[in-house]
Structures are given as structure tokens and as C-alpha cells.
Amino acid sequence: MTTILQYLDPLLFAVLPYVALFTFFLMTIQRYRAATFTYSSLSSQFLENRRHFWGMVPFHYGILLVLTGHVLGLLIPDRILAWNSHPLRLYTLEITGLALGLLALVGLVSLLLRRIGTSNVRVVTSPADWILHALLLLQVGSGVYLAVFHPWGSSWYAAAAAPYLWSIVKLQPQLGFISAAPLAVKLHVTGAFLLVALFPFTRLVHILVVPNPYLWRKPQVVRWYR
Ligand code: HEM
Ligand code: HEM
């Protein structure tokens, strides 16, 4: 089993990243040029509002802060390592990351249950939506698993995962870290590349439509004129 997986390493971690990045840039630009008005996440709030709120809000705040943490680990790994050199600061960062990951997970599960359980929302859910929600569940679930069972992720992310990701950017993939990594890490990283590849084909494109006041605007009020 381990051997088969090791054979897959070059494919998953040296080829897939470039296929994903190529697809991302090409198709994102192509979709913007060909179908600009599809650049959104079509709202289903007017079909069901209560579960929508309790899923959408925790999921977005959780995932946006977690992804900010991921980007900081990539951009300033030395400062993250320096911050973590004191145990109390390390625990604070790890617990904050885990809490935000759980917030995103609870929000996502509730969004998924809403789509499955509310018939008029289910009807407007496309195959791409199902795939995206399933992939996000795998990604957020495996992230929380890493945070719990592979401590101290913020440190090894900065020390080992960030150099691997930079080696991809520099077009010289170094597979040392990833080949030796546990299965859960490989799953999490593969999930990230799949999300990048599927980005232009899903509602994830709404992330690019900024400035976007939705996160802080007042809840929408829908009125019926009879
Ligand atoms: C730039 C920050 C972001 C803003 C302003 C934003 C805003 C929105 C809005 C307005 C909706 C539609 C809400 C509705 O149904 O009325 C939405 C839905 C969604 N967003 Fe975001 N978003 C952001 C980032 C993200 C990120 C980083 C992800 C995932 C990695 C994400 C995943 C989703 C998903 C999956 C849905 C559909 C949820 C459902 O209806 O089941 N968003 N977002
Ligand atoms: C190749 C890119 C990625 C790498 C190397 C990576 C690595 C990691 C690591 C090491 C952790 C554990 C952090 C800790 O214990 O404090 C983690 C957690 C997490 N990741 Fe990722 N990740 C990647 C991409 C993503 C993406 C694209 C998403 C979501 C769309 C995501 C969502 C999460 C979540 C929700 C957590 C749990 C919360 C946390 O501990 O910060 N990751 N990731």
C-alpha cells in the first residue's frame, strides 16, 4: 500500500500542482471573458433563511481566517517559527487555528445538511455544487484532523510545507517533505490542488469578485408584492 502511494507522489505533488495552476489561470480568465455574469455564488437565501445564516456565517469567518493563517505561514514562515518559540504562544496559535477550523467545519456541515434536507434548495443545487461541498468537507475535515492528531502544525507548516510550496512556485518541485509526510497530510495537500483545479468550474469564483460587502451588510429582507 505504502509503495503504491509512493509511486503516486510525483504525480500528485509534482504534476498535479501544475495541472491545477494551469487550469486555474486559463479557465478563470476564459470564464470571466465568456460568461462574466456567472461570476457569483447564486444566493439561495430567499428559499430558506434560518439555516442559511447559521451555516454561511460560521463557515465564512472560519475558513477566511484559517486561509489567512495558511497564507501568513507561506509569506512569513520565520516570524511564525519565532512566535512559536515560546510554548504559551505556540499553544495560543494552535488552539486558535483549531477553533477556527471547527467553526468552518460546523458551518460547512450545516450548509451541506441544509442543501440535502431542504427540498427547494436541493432542486437548485448543481452537480458542481455537490462536488465542491464534498471536496470542501474533505479539506476542512482533514485540516481539523491534522490540527488534532499531528501537532504542532503551525510550526511544521512553516518549516517544511512552506518550502515545498515555494519549490512549486520556483518550478523546481522538492518532494522530500511530502514523500515522508503521513497520509493525512498527503490527502490535505492533494485536496488543496484539486480545489485549485476545480475553482473556475464552480461557485468558488465568487471569491474573486471583490470588493464584496456581503460579509458585513445587513441580512437581506425579501418582500412579496401581491
Ligand atoms: C472574499 C471573501 C468571500 C466572500 C465575500 C464570500 C461571499 C459569499 C456569498 C455572498 C455567498 C452566497 C450567499 C447566499 O447564498 O446568499 C457565498 C457562498 C459560498 N461561499 Fe463564499 N465568500 C468568500 C470566500 C469564500 C471562500 C474562501 C470559500 C471556500 C474556500 C467560500 C465558499 C463558499 C461556498 C461553498 C458557498 C455556497 C454555500 C451554500 O450555499 O451552500 N467562500 N459566499
Ligand atoms: C497545499 C496547501 C495546504 C497545506 C500545506 C496545508 C497544511 C495545513 C496544516 C499543516 C494544518 C494544521 C495546522 C495546525 O495544526 O495548526 C492545516 C489545517 C487546516 N487547513 Fe490546510 N493546508 C493547505 C491548504 C488548505 C486549503 C486550500 C484549505 C481550505 C479550503 C485548508 C483548510 C484547513 C483547515 C480548515 C485546517 C484546520 C484549522 C487549522 O488548524 O488552521 N487547507 N492545513
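Residues numbered from 1 in each chain as written. Chains lettered and ligands numbered in written order. Predicted model: local features only at pLDDT ≥ 70, side-chain atom pairs only at ≥ 80, totals over all residues. Heavy atoms only, no water.

Remarks on the coordination of the iron atom of ligand 1
For step 1, the next point in the chain: Only His-60 (NE2) and His-206 (NE2) from the protein coordinate the iron atom of ligand 1, and they sit 2.0 Å from it.
For step 2, the next point in the chain: Note that the iron atom of ligand 1 binds 6 donor atoms; their angles at the metal cover 88 to 179 degrees, and the shape is octahedral. Placement of the pair is His-60 in helix α2 (residues 50-75) and His-206 in the segment after α9 (183-198), with a sequence separation of 146 residues. (Donors = N, O, S within 2.8 Å, 3.2 Å for Na, K, Ca; no water. Tetrahedral: all angles 85-135°; square planar, octahedral: opposite > 155°, others 65-115°. Helix = DSSP H or I, 4+ residues; strand = E, 2+ residues; numbered from the N terminus.)

Some thoughts on the pattern of salt bridges
For step 1, the next point in the chain: One pass over the full model with this rule turns up 3 salt bridges.
For step 2, the next point in the chain: Between Lys-186 and Asp-9 there is a salt bridge; the shortest N-O distance is 3.2 Å. Here Lys-186 is found in helix α9, whereas its partner Asp-9 is found in helix α1 (residues 2-34), with 177 residues between them in sequence.
For step 3, the next point in the chain: Exposure remark for Asp-9: the relative accessible area of 3% places this residue in the buried category.
For step 4, the next point in the chain: For Arg-114, the salt bridge is made with Glu-48, and the minimal N-O distance between the two is 2.6 Å. Taken together, the residues Arg-114 in helix α4 (residues 87-117) and Glu-48 in the loop between α1 and α2 connect sequence positions 66 residues apart.
For step 5, the next point in the chain: Overall, the relative accessible area of 1% leaves Arg-114 in the buried class. (Salt bridge = Lys/Arg side-chain N within 4 Å of Asp/Glu carboxyl O. Buried < 20%, exposed > 50% of the residue type's maximum accessible area, 1.4 Å probe, protein only.)

Digging into the site of ligand 1
For step 1, the next point in the chain: The environment of ligand 1 is made up of 21 residues, and the closest members are Ser-43, His-60, Arg-115, His-133 and His-206.
For step 2, the next point in the chain: Side-chain polar atom of His-133 to an oxygen atom of ligand 1: 2.8 Å apart, as the coordinates give it.
For step 3, the next point in the chain: Elements that contribute at least two residues to the shell around ligand 1 include exactly α2, α4 and α6 (127-149).
For step 4, the next point in the chain: For the shell around ligand 1, the element with the most residues is α2, which contributes 6 residues.
For step 5, the next point in the chain: Of the residues that constitute the shell around ligand 1, the class distribution is 10 nonpolar, 9 polar and 2 charged. (Near = heavy atom within 4 Å. Polar contact = N/O pair within 3.5 Å; in protein donor to acceptor, adjacent residues only side chain to side chain. Nonpolar A, V, L, I, M, F, W, Y, C, P; charged D, E, K, R; others polar.)

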